[in-house]
Amino acid sequence: MSWIETDTPPWVHALFDDLKSGVAVCEAVENGYDFIVRDFNRAAETIEKLARHEVIGRRLTAVFPGIREFGLLDLLRQVWLTGEPAHHPARLYKDPRIIGWREHRLYKLPSGEVVTVFEEVSQRKLIEERLSRLCETFAGFTPNCDKNIQRLTATCGQLLEATCATYCRLHEDRLCAVGQWRMPEHFNPASELQNHFCQEVVGQSRGSETHVVPNVHRSRHAQLHPFIADQGLETLMAQPVYCFNDIAGAVCVFFKTPLIPDEGQRRILQLIAASLGIEEERRHVQWAYKESERKYRFLVDHLQEGLWAIDQNATTTFVNPSLAQMLGWPAVDLLGKNFASFLDGPGAAAFPLSLQQLQQGGKYRGEHVFIRKDGSLLAADLILTPLTDDHGHF
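Quick caveat: nothing in here was measured; it's all calculated off a predicted structure. (Residues numbered from 1 in each chain as written. Predicted model: local features only at pLDDT ≥ 70, side-chain atom pairs only at ≥ 80, totals over all residues. Heavy atoms only, no water.)

Here we look at the pairing of strand 10 (residues 235-243)
Okay, so step 1: For strand 10, the buried fraction is high: nine of the nine residues fall into the buried class.
Okay, so step 2: In strand 10, alternate side chains face the same way, and those of Thr 235, Met 237, Gln 239, Val 241 and Cys 243 on one face and Leu 236, Ala 238, Pro 240 and Tyr 242 on the other are all buried.
Okay, so step 3: Strand direction decides the pairing type here: strand 9 (residues 211-213) and strand 10, joined by three bridges, are antiparallel. In the strand pairing of strand 10, Val 213 is matched with Leu 236. (Buried < 20%, exposed > 50% of the residue type's maximum accessible area, 1.4 Å probe, protein only. Helix = DSSP H or I, 4+ residues; strand = E, 2+ residues; numbered from the N terminus. Pairing = 2+ DSSP bridges.)

Remarks on the state of the cysteines
Okay, so step 1: Counted by the stated rule, this structure contains one disulfide.
Okay, so step 2: Note on Cys 135: no disulfide assigned, nearest cysteine sulfur contributed by Cys 156 at a separation of 15 Å.
Okay, so step 3: A residue is classified by how much of its surface remains accessible, and Cys 135, at 48% relative accessible area, is partly exposed.
Okay, so step 4: Cys 168 carries a free sulfur, and the closest cysteine sulfur to it, the one in Cys 198, is 4.7 Å from it.
Okay, so step 5: Cys 168 gets classed as buried once you look at its relative accessible area, which sits at 0%. (Disulfide = S-S within 2.5 Å.)

Things to note about the sheet that holds strand 6 (residues 164-171)
Okay, so step 1: With antiparallel pairing, six strands are arranged side by side in an open sheet as 8-7-6-11-10-9. Among the strands making up the open sheet, the edge pair consists of strand 8 (190-192) and strand 9. Strand-to-strand twist in this sheet, taken as the mean axis angle between neighbours without regard to direction, amounts to 25°.
Okay, so step 2: Taken strand by strand, helix 7 (residues 145-159) contacts strand 6, strand 7 (174-181) and strand 11 (246-255), and its axis lies near 70° from that of strand 7.
Okay, so step 3: The sheet contacts of helix 11 (residues 263-302) involve strand 6, strand 9, strand 10 and strand 11, and relative to strand 10 the element is tilted by about 35°. (Axes fitted to C-alpha atoms, helices over the stretch in contact; angles between N-to-C directions. Contact = heavy atoms within 4.5 Å.)

Re the nonpolar core
Soluble, globular proteins show a tendency: their nonpolar side chains are buried together.
Okay, so step 1: In terms of nonpolar packing, the biggest core is built from 26 residues, with Phe 35, Phe 40, Leu 60, Phe 64, Ile 67, Leu 76 and Leu 106 touching the most fellow members.
Okay, so step 2: Considering every element that reaches this core, the biggest residue donor is helix 5 (residues 72-82), with five residues.
Okay, so step 3: Other than its neighbours up to four places away in sequence, Phe 64 contacts Phe 40, Glu 48, Leu 50, Tyr 93, Asp 95 and Arg 97.
Okay, so step 4: Counting residues in each nonpolar core, the second largest holds 24 residues, with Leu 134, Cys 156, Val 251 and Leu 276 among its members. (Core = buried A, V, L, I, M, F, W, Y, C linked by side-chain atoms within 4.5 Å.)

A look at the pattern of salt bridges
Okay, so step 1: The final tally for this structure, using the stated rule, is 19 salt bridges.
Okay, so step 2: In this structure, the salt-bridge partner of Glu 30 is Arg 59, at a minimum N-O distance of 3.1 Å. Here Arg 59 lies in the loop between helix 2 (42-48) and helix 3 (60-63) and Glu 30 lies in the loop between strand 1 (22-29) and strand 2 (34-40), a separation of 29 residues in the sequence.
Okay, so step 3: Salt-bridge contacts for Glu 280 lead to Arg 169; the nearest nitrogen and oxygen are separated by 2.8 Å. Of this pair, Glu 280 sits in helix 11 while Arg 169 sits in strand 6, and the two are 111 residues apart along the sequence.
Okay, so step 4: Residues participating in the shared-partner salt-bridge network are Glu 103, Arg 124, Lys 125 and Glu 128. (Salt bridge = Lys/Arg side-chain N within 4 Å of Asp/Glu carboxyl O.)

As for the environment of Ala 154
Okay, so step 1: When you line up the elements, Ala 154 lands in helix 7.
Okay, so step 2: Judged by relative accessible area, which is 15%, Ala 154 ranks as buried.
Okay, so step 3: Linking Ala 154 and Ala 165, residues eleven residues apart in sequence, is a C-alpha distance of 7.2 Å.

Things to note about the sheet that holds strand 2
Okay, so step 1: Spatial ordering of the open sheet is given by 2-1-5-4-3, a layout of five strands whose pairing is antiparallel. Bordering the open sheet on either side are strand 2 and strand 3 (86-94), each of which pairs with just one other strand. Averaged over all adjacent pairs, the angle separating strand axes in this sheet is 30°, with direction ignored.
Okay, so step 2: Judged from the six bridges that link them, strand 1 and strand 2 form a sheet pairing that is antiparallel. Across the sheet, the residue bridging to Ala 24 is Phe 40, located in strand 2.
Okay, so step 3: Sheet strands touched by helix 5: strand 1, strand 2, strand 3, strand 4 (99-108) and strand 5 (114-120). Its angle to strand 4, the strand with the most contacts, is close to 10°.

Everything listed is a geometric property; what it means functionally is a separate question.
Next comes the structure, spelled out in structure tokens:
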């Protein structure tokens, strides 16, 4: 008896053909070691690139010679024998005619035939692979933002299977290529914004739109950048990069083939651009920190007052040049020495109480006598202020 009775309402047949998943109905032969295809819906025709008449009535092993290695034939027999549904997870199917990722769910029908409902999941697997490689890139990041930017640019080109890629940073009215992957040797890494192939991208208002320029070798960009025509580049994809909500530049990817980017490709480019923006922000913060540290160091080194830093054991961790000069010691020779060892007798005896007061969060101010390197004495006002961490620890 067929899986669809002759008196089945027409809408059942229509539903079968209109399913977005591929469906194949199979009849067991040779005790389930092979199967004959009894029906094949339109989605299956599209997925497998085969017309129904090329499949129906033929053995599965003849139509799909890679099905045994794929693992589906054994699972079909199992479902036919047990009647229990089964799931064949996404795997790569390949034979001399076709290759692609497939995921199957199998059921036994009351008629005894086995139906497999399957999806073409190559695009999903490609996206998963791209995201995995992107995570590997993130895992390999270092504190050096410029190296991370170069790594992201290379990953972008590789994941999108491009011809070449570059990340161009905006600096005043120029764009400078600070990340490059397989860019031609005669590519000019810096040019005026108005003459750059990223001008439209960088000049746009805040947004995440992916720019696609088809036939880029025939555009005005090719006249201003000869490498585009020389390399036979057909398509340009570009994505703006933002740093603290301000435009920082653009990541640009070139292809030698005509390309209409799919959603997965656009998403990858957007993720790369967002990651580049984070690295630009980190780079800015690092620069600001170093600049602040430089200014702080300048102030400390040029203060007329002496600065002396000690830890909880009163061990010297830092002195500024003024203090070293006051005591007549080279600054490096003071490091690691106990603060109290530079006080005269009464001051050294009283200092533990002052240190205890500091450790309890208090401050101290008083006049003390210090012993210089040459043995002479120095009377000075001493102000002690505790430095604590976020938890209030000294």
